[in-house]
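Here are the chains, one letter per residue:
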Amino acid sequence: MKVTINVNGEERTDEVESRLLLIHYLREVCELRAANIGCDSSSCGACTVLLDGRSVKSCTVLAAQADGHEVTTVESLATAGELHPMQAAFRAEHGLQCGFCTPGMVMASIGLLKDNPSPTEAEVRSALEGNYCRCTGYHNIVRAVLSVAQQS
Ligand code: FES
Ligand code: FES
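Residues numbered from 1 in each chain as written. Chains lettered and ligands numbered in written order. Predicted model: local features only at pLDDT ≥ 70, side-chain atom pairs only at ≥ 80, totals over all residues. Heavy atoms only, no water.

Engineer: Lay out the overall build of the chain with the relevant residues and their values.
Structural biologist: Along the chain, the regular secondary structure elements total five helices and five strands. Going from the N terminus to the C terminus, the chain shows its helices and strands as β-β-α-β-β-β-α-α-α-α. Relative to its length of 152 residues, the chain is compact, with a C-alpha radius of gyration of 15 Å against a globular reference of 15 Å. A burial count over the chain gives 45% of its 152 residues as buried. Expressed as a percentage of contacts within the chain between residues at least 6 apart in sequence, the contacts between residues at least 24 apart total 56%. (Helix = DSSP H or I, 4+ residues; strand = E, 2+ residues; numbered from the N terminus. Rg over C-alpha atoms; globule rule 2.2 N^0.38 Å. Buried < 20%, exposed > 50% of the residue type's maximum accessible area, 1.4 Å probe, protein only. Contact = heavy atoms within 4.5 Å.)

Have a look at this one:
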């Protein structure tokens, strides 16, 4: 089947299998490999991207379901050499170590602040509970998200 998807601001049309998952579409068809595959049970959140501005686990969405919609991945965030405020905050607060979870964490955090621009610490922790990090212990990630919320 043909899908037309706006990926990071550029509309593209591709022939895909109807069963193709959005994460595989992004990684294999679009060659955008920042979003990771960390599980086979829809639980780790490493594959999180924005679909029409809302964070989704792209391993739980078919590319066909994104037909006619906008998908945003972490590759599009930095502009003119400037990190997006969320990326800058993760760096400033040491919210990453190995970086495997980071693209998903950043996108989930951006999605959270879209819905709730002034979350409490508990709300940040609750919103990110579907995103696993095996390195940081989460504290610095939560600090990074709260620091972006405080800037706005
Ligand atoms: Fe783990 Fe999508 S790859 S939730
Ligand atoms: Fe390594 Fe989160 S920084 S899994």
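So much for the structure itself; the text now carries on.
Engineer: Tell me what's going on with the nonpolar core, and back it up with residues and numbers.
Structural biologist: The nonpolar side chains of soluble globular proteins are, as a tendency, buried together. Of all hydrophobic cores here, the largest spans 25 residues; its most connected members are M86, F90, V106 and V145. Looking at this core, the elements that each hand over two or more residues are α2 (85-92), α3 (102-115) and α5 (139-151). Beyond its immediate stretch of four places on either side in the chain, V145 contacts M86, F90, S109, L112, L113, V124 and L128. (Core = buried A, V, L, I, M, F, W, Y, C linked by side-chain atoms within 4.5 Å.)

Engineer: For unusual backbone geometry, give the residues involved together with the corresponding values.
Structural biologist: Positive phi is not limited to glycine here, since S42 has a value of about 60°. For S42, the location among the structural elements is in the loop between α1 (22-29) and β3 (48-51). By relative accessible area, S42 is classed as partly exposed at 35%. You will see that D52, though not glycine, has its phi angle at about 50°, which is positive. Here D52 is to be found in the loop between β3 and β4 (54-57). Relative accessible area serves as the criterion here: at 41%, D52 is assigned to the partly exposed category.

Engineer: Can you lay out the side chain of Q87 for me, pointing to particular residues and giving the numbers?
Structural biologist: Inspection of the secondary structure puts Q87 in helix α2. Residue Q87 is classed as buried on the basis of its relative accessible area, which comes to 17%. Residues contacting Q87, with those up to four places away along its chain left out, are V74, L77, A78 and V106.

Engineer: Provide a residue-level description of the sheet that holds β3, including the pertinent values.
Structural biologist: Read from one edge of the open sheet, five strands run β2-β1-β5-β3-β4, paired in mixed fashion. Two strands bound the open sheet, and with one partner strand each, they are β2 (10-15) and β4. The average undirected angle you get between the axes of adjacent strands in this sheet is 40°. Sheet analysis places β3 next to β4, joined by four bridges and oriented antiparallel. Looking at the pairing, L50 lines up with S55 of β4. Against the sheet, α3 contacts β3, β4 and β5 (70-72), and its axis sits at roughly 40° relative to β3. (Pairing = 2+ DSSP bridges. Axes fitted to C-alpha atoms, helices over the stretch in contact; angles between N-to-C directions.)

Engineer: Before we move on, could you go through the side chain of N140 and cite the residues and values that matter?
Structural biologist: Note on placement: N140 falls in helix α5. Here the side chain of N140 touches R143 through a polar contact of 2.5 Å, side chain to side chain. Residues in contact with N140, not counting those within four places in the same chain, are E93, H94 and G95. (Polar contact = N/O pair within 3.5 Å; in protein donor to acceptor, adjacent residues only side chain to side chain.)

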